[in-house]
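In case you want the letters, here they are:
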Amino acid sequence: RGQGAALNDVTVDAASGAELDFSRVGGPKPLVERLSRSSEDIVLHPRIGSLALRLCRVADGSLDAAFAGGQSRDWDLAAANLIVQEANGRMTALSGDAIEYNRREVTHGVLVAAGHDRHARIVEHFRNRPLP
């Protein structure tokens, strides 16, 4: 594992690698299914109702990747985004664009959080297969 940040004696470090284990990917089922050629291959991680908790599970390495399905607001994301970054992960729009806060419009579209290599793979996947 990398050299993640220590928060109250707990080290957070996003899982490394680029492979996708769908049982370790959290988020809306239609988004996760778009990562695979066959939805039959996917055994989804149990639903995590709290978006911030889902994103923080990327930071602690218990999820490989997490999606926010859109309509999240700055206050839903900012703290979890910082925790993911401190854990050597990335959280961006599906396009790979950085999340901008304190804009006039505080609502964000679909986002993805993962360790750097996996994040790059997911962004590339959606660049080649954009959402409708």
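What this report covers is the structure whose coordinates are included nearby. These figures come from a predicted structure and were not determined experimentally. (Residues numbered from 1 in each chain as written. Predicted model: local features only at pLDDT ≥ 70, side-chain atom pairs only at ≥ 80, totals over all residues. Heavy atoms only, no water.)

1. Describing helix H4 (residues 116-128)
Taking 1.5 Å of rise per residue, the 13 residues of H4 would be expected to cover 18 Å, and the 19 Å separating its terminal C-alpha atoms lies within 8% of that figure. Taken together, the buried positions of H4 are occupied by Arg118, His119, Ile122, Val123, His125 and Phe126. Down the axis of H4, the smallest arc covering the buried residues is 155°, so these residues share one side. Away from its buried face, by an angle of more than 90 degrees, H4 presents the exposed residues Asp117 and Asn128. On its buried side, H4 packs onto helix H1 (29-33), strand E4 (65-73), strand E5 (89-93) and strand E6 (107-115). (Helix = DSSP H or I, 4+ residues; strand = E, 2+ residues; numbered from the N terminus. Expected span 1.5 Å × (residues − 1). Buried < 20%, exposed > 50% of the residue type's maximum accessible area, 1.4 Å probe, protein only. Arc of directions from axis to C-beta. Contact = heavy atoms within 4.5 Å.)

2. Concerning the sheet that holds strand E3 (residues 25-26)
In space, the four strands of this open sheet follow the order E3-E4-E6-E5, with mixed pairing throughout. The sheet is open, and its two edges are formed by E3 and E5, each paired on a single side. By the bridge criterion, seven bridges tie E4 to E6 in an arrangement that is antiparallel. The residue of E6 that forms the bridge with Gly69 is Val110. Here helix H2 (residues 51-59) sits on the sheet in contact with E3, E4, E5 and E6, set at roughly 150° to E4. Across the sheet, helix H3 (residues 74-86) lies against E4, E5 and E6, angled at about 150° from E4, the strand it touches most. (Pairing = 2+ DSSP bridges. Axes fitted to C-alpha atoms, helices over the stretch in contact; angles between N-to-C directions.)

3. Points about the environment of Val106
Structurally, Val106 is set in the loop between E5 and E6. For Val106, a relative accessible area of 22% translates into the label partly exposed. In the structure, Val106 is positioned 32 residues away from Asp74 in sequence and 5.5 Å away in space, judged by C-alpha atoms. Not counting residues within four places of it along the chain, the set of residues in contact with Val106 comprises Ser72, Arg73, Asp74 and Trp75.

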